[in-house]
Structures are given as C-alpha cells and as structure tokens.
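# Survey of secondary and tertiary structure
Here are the chains, one letter per residue:
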Amino acid sequence: MSSSHHGESTLRPEPDKVLQDIADYVHNYKIESDLAFETARLCLIDTIGCGLEALRFPECTKLLGPVVDGTVVPNGTRVPGTNYELDPVRGAFNIGAAIRWLDFNDCFLAEEWGHPSDNLGAILAVADHLARQGQPLAVHDILEAMIKAHEIQGGIALLNSFNRVGLDHVVLVKVASTAVVSKLLGLSRDQTVDAVSQAWVDGQSLRTYRHAPNTGPRKAWAAGDACSRAVNLALMVKKGEKGLPSVLTAKTWGFYDVLFKGKPFKFQIPYGSYIMENVLFKISFPAEFHAQTAVEAAHILHNKLKELGKSSDDIKSVRIRTQEAAVRIIDKQGPLDNFADRDHAINYMVAYPLIFGELTSESYTDASAADPRIDALRSKIYCVEEKRFSVDYHDPAKRSIGNALLVELNDGTVLDEVEIEYPVGHKRRRAEGTPLLINKFKRHISYHFDEVHQAKILETVSDASSFSKLPVDKFTDLFVKG
C-alpha cells in the first residue's frame, strides 16, 4: 500500500516577533532620557579604563593584535592603549576581550546576569572604522548604541535564565551587538532582523557554560569573541546574506526547542532605557558582582580585627549569608588555577581582603595567590542562602545584591555581623559612587599616559555636552599609543 506525503512548505514564515521587536527598537525608538545618556557617558569612560587596565597583564595582551603580525588595515579600527589598526571584526575581538578581561566592567543582574558594556567592543570597533572612512559619527552615536545594546541584552535577561540551560550570557552580547552595529553599518530594519536571526545560531561553541565546574578556566575572551562574531554577521548580511525568520520558534530545529527546553522568552518591560539607567558599576573592587558587598564587608571586618589586635590567623570561621545566585555561581571549593577562577570564587574574594585589607587586580595573580594563608582561610569560609536577599535581588524596585559576613574567632569571640545590601556601584548609591568611578578611571589611564595627556583626556570626557559632539575618531585618538 502506498502513502502520500505533501512535504514541508518552502514558504518563508514571518520573522519571529522577538526579532522584529529588537529591530524596531534599534531603528525607530528615540532615546530621550537624560539619565540614560549621563549614565552611558560614565559607562563609556569606565569601560575604556577597564580595557586599558587589562593591558597591564600579559595573559591578555598575548591574545591581541592582528592575526598576522604587522598587518595594518587602512582606516582600521584603533584599539585603545595600543597602536594597532585592525579590521573591525578583529578590532571588536581586541577591544571586547580587553574590556572583559579583569571582570571590572559594569554588570546587570536578573534571571540572567551579564556585563552589557561588553557590547562596546563591537560598537567602538565599527564606529571608529566608519568614522575613519569619513562618516560623521560622534560620541553621541556611541552612547545611543550603548544604551540600546544594554537594553536588548538586559531586557532579555530580566526573566530568562540562560545559565540554567548551560548557555553563557555572552550569547546576549552577540545578539545585542549584532542589532546595534547593523544600524551603524547602514542596514535596513529588515536586514537587521536578518542579522539578529543569525546571531541566535552562529557559533554555538559559546554554548559551553564558562562557569561550569571542572571544565577548565573561565574564558575571559568570550565577550571579545561574541563582539567579533556580531560585527562579522552584520557585514555578511550587508553583503546580501539572508536571515532565518523562525530561528527561535521553528519546531524541532529552533532555538527554543533545541536550547531552551521548548520555552519561549518572557519579557517584563518593553525596550526603553531602563537597563542603562539601572546598570551596576564595579567601582571599588575588581570582583564578580554577586560578591561586591561581601568584599566591602570583608574590608570593614579587616579593620575591626586590627582594632582588636587580631589578624586573619585568629579566625575560626566565616559565614556568608548571600543570594541564591551567588551560591550557584561563585561558591567554589578546591584549587583555583588562574586569575579568572579566583575572581569568580567568593571565598577567595572575601579571604584576600580579610588578610590584606585590599582587593585589586594584582590580588588575583599567581604570585599573590601563592600566599598559603589564602587557601587556609578559604577552607574556613562557607555560604548559606539568605531568602530575603534572593527575593530582593529580583525585585525590580530594589535589585539589591546583599551579603552579610559573620566572623567567629578561635577564642570564641563572635564579631558583629556586617550586612550590606547595595554595593557602591548601585543606582541607589550613584551620588556616592560617581566620584569614585572617576577616580577609578584616572587610576587606569595613569599607567599608560603622561600627566599632560591624562589631563587632556579628563578635560575632554568631563564636559558632557561637548564630549557627546566629539567625532568618534578624535575620541579614540585620545587613547592611541604611539
């Protein structure tokens, strides 16, 4: 007996609504929030500073530069802190990898966490290249692209956990960067839909979750990889490459079915400027953000020990009450092999300032980690979830990142618990944090430029009005090394 089968339809469906919403937002939404633009200005200079700071570490710089040594691209992207002139794809990798290397750039925490300023790797690489080709792009265009990239990445992250299905958050960097650089490159709204669709399937090597246990070191260059893929995808679509309209919703083959357990994305708010306005800055400590308030508390306790004539050697135990996300992400036991492992282990990030009274970029180096007191104290530190912190972590009106440290000494003394809900980089502490953020930027540029040039940089970035009108290539020229 024969049977008939009419086969699959070859008609292309309408693009998924998520793709269309992103493209409509990028092309049609006007950012009118003064708070968003001012926060973006702070974010831009902070992010550039974080990239410059990373250049002091050879583990980072060995990965940078052109693929073929000595290559100089005409009108190429300039990489801050270097003399490289690269194509925008390689430039995006260089800038993105440096920005993310020390885990000192901004952060947004929700069902999924991430570092929205990672997107600057793609934005700055493309904008600088276009400006050097004669396009009249100003810093204002960079700020607008940053606000929109933050909003796309953070807006998806609000209610959708990628880490729970083994996906790293940099997939959202790839999606957001693809969207905003598509507009910078002159793609139409429909072409942006095509490019963003490609971003959901390109490079599933990023699927391996970088924080997973026993899988080797966290790949600090993954954000640079995402930025470079984003630029490449937008350029491919500009040349005529078609998109995948049902990339998310297609049965069996789509992103939802293959990688998201069949669940469609949920959205809490429409795209606007909420994420940039509420972004978290890492100001005082280069530490994974769930540990920021724990590190601040550890500094307070270090000083308390000194007042008592005690030291970390007198500590019997340290209890950390923290959020569920911190327990799941950064509560690590056992050997920590490198910088990237250490800045994602809360017991290391708490132990170090309890011992030394500081936590800096150098605190994570092999030389610093070799002090036997660190692992000895790490073994005495343990985490417990505080339900209140977990609830407030997700509350849109709070978005706190609480931690509380309780130290017991060998003689039975229990120090007063130190609880901190909001880190200094939180919106609720913005007035307190902004001068400290500027000081952080000053410190990061001081290693690379003489005092006269430092003063020129600070004068340029301080006047928000004139700074926003500065041509992009003049901005990046401020950070070029001869």
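Residues numbered from 1 in each chain as written. Predicted model: local features only at pLDDT ≥ 70, side-chain atom pairs only at ≥ 80, totals over all residues. Heavy atoms only, no water.

## Here we look at the overall build of the protein
Of the regular secondary structure elements, the protein holds 22 helices and six strands. Computed over its C-alpha atoms, the radius of gyration of the protein comes to 23 Å, within 12% of the 23 Å expected for a compact globule of 482 residues. With respect to the three principal axes, the spread of C-alpha positions in the protein is 80 × 75 × 45 Å. Each of the 482 residues in the protein was classed as buried or not, and the buried ones make up 59%. (Helix = DSSP H or I, 4+ residues; strand = E, 2+ residues; numbered from the N terminus. Rg over C-alpha atoms; globule rule 2.2 N^0.38 Å. Buried < 20%, exposed > 50% of the residue type's maximum accessible area, 1.4 Å probe, protein only.)

## Examining the nonpolar core
Ile 22, Leu 44, Phe 162, Trp 200, Phe 255, Phe 475 and Phe 479 are the most contacted members of the largest nonpolar core, which has 154 residues in total. Per-element accounting of this core gives the leading share, 11 residues, to helix α2 (residues 34-54). Viewed by domain, this core spans two of them, domain 1 (17-281) and domain 2 (289-423), each represented by three or more residues. The residues touching Phe 475, leaving out its near neighbours within four places in the chain, are Leu 44, Ile 48, Leu 124, Val 139, Phe 467 and Leu 470. Counting five residues, the second largest nonpolar core, distinct from the first, contains Phe 108, Ala 110, Leu 158 and Tyr 274. (Core = buried A, V, L, I, M, F, W, Y, C linked by side-chain atoms within 4.5 Å. Domains from an automatic or database assignment. Contact = heavy atoms within 4.5 Å.)

## Topic: the packing of helix α12 (residues 292-307) against helix α15 (residues 346-356)
Contact pair α12 / α15: the axes reach a minimum separation of 8 Å and the direction vectors enclose 25 degrees. Regarding the angle of α12 to α15, the classification is roughly parallel. As α12 packs across α15, the resulting crossing turns out to be right-handed. Taking contact as the criterion, the partners of Ala 294, Val 295, Ala 298, His 299, Leu 301 and His 302 in α12 are, on α15, Ile 346, Met 349, Val 350, Pro 353, Leu 354, Ile 355 and Phe 356. (Axes fitted to C-alpha atoms, helices over the stretch in contact; angles between N-to-C directions. Parallel < 35°, antiparallel > 145°, perpendicular 65-115°, else oblique. Left-handed = near helix turned anticlockwise from the far one by under 90°.)

## Examining the sheet that holds strand β4 (residues 381-385)
Sheet strands associate in pairs through backbone hydrogen bonding, adopting either a parallel or an antiparallel arrangement. The four strands lie next to each other as β4-β3-β5-β6, forming an open sheet whose pairing is mixed. Taken across any chain shown, the strands that pair with only one partner, and hence form the sheet edges, are β4 and β6 (418-420). With strand direction ignored, the average angle separating the axes of adjacent strands in the sheet is 20 degrees. In this structure, strand β3 (residues 315-322) lies alongside β4, joined through five bridges in parallel fashion. Pairing of Arg 319 across the sheet is with Tyr 382, part of β4. Docked against the sheet, α12 engages β3, β5 (403-409) and β6, running at close to 30 degrees with respect to β5. (Pairing = 2+ DSSP bridges.)

## With respect to the packing of aromatic side chains
Overall, the coordinates contain 21 aromatic pairs when judged by the stated rule. With 6.4 Å between their ring centres and 50 degrees between their planes, Phe 162 and Phe 255 make a pair best called tilted. Pair noted here: Phe 162 is in the loop between α6 (139-157) and α7 (170-184) and Phe 255 is in helix α10 (residues 255-259), with a separation of 93 residues, a long-range link. Pair check on accessibility: Phe 162 and Phe 255 agree, each one buried. Note on Phe 449 and Phe 479: the rings are 6.4 Å apart at their centroids and 65 degrees apart in plane angle, and the pair reads as edge-to-face. (Phe/Tyr/Trp six-rings, centres within 6.5 Å; stacked < 30°, edge-to-face > 60°.)

## Quick notes on α7
Its 15 residues give α7 an end-to-end C-alpha distance of 21 Å, which sits within 8% of 21 Å, the value for a rise of 1.5 Å per residue. Phi turns positive, to about 90 degrees, at Gly 186, one or two residues after α7. (Expected span 1.5 Å × (residues − 1).)

## Concerning the domain arrangement of the protein
How big an interface is tends to be stated in terms of accessible area lost as the parts join. Looking at the protein, the domain boundaries give domain 1 (17-281) and domain 2 (289-423). Computed from C-alpha coordinates alone, the two centres of domain 1 and domain 2 are separated by 31 Å. Residue-level contacts link 25 residues of domain 1 with 20 residues of domain 2. Here domain 1 packs against domain 2, burying approximately 1,900 Å² in sum over the two surfaces, 53% of which is carbon and sulfur. In this assembly, domain 1 and domain 2 are joined by two salt bridges. Ionic pairing is found between Glu 362 and Arg 56, a salt bridge with its closest N-O pair at 2.6 Å. At the boundary of domain 1 and domain 2, one finds six residue pairs in polar contact (both at pLDDT 80 or more). The residue makeup of the side of domain 1 that touches domain 2, split by class, is 14 nonpolar, four polar and seven charged. (Buried area = accessible area lost by both parts, 1.4 Å probe. Salt bridge = Lys/Arg side-chain N within 4 Å of Asp/Glu carboxyl O. Polar contact = N/O pair within 3.5 Å; in protein donor to acceptor, adjacent residues only side chain to side chain. Nonpolar A, V, L, I, M, F, W, Y, C, P; charged D, E, K, R; others polar.)

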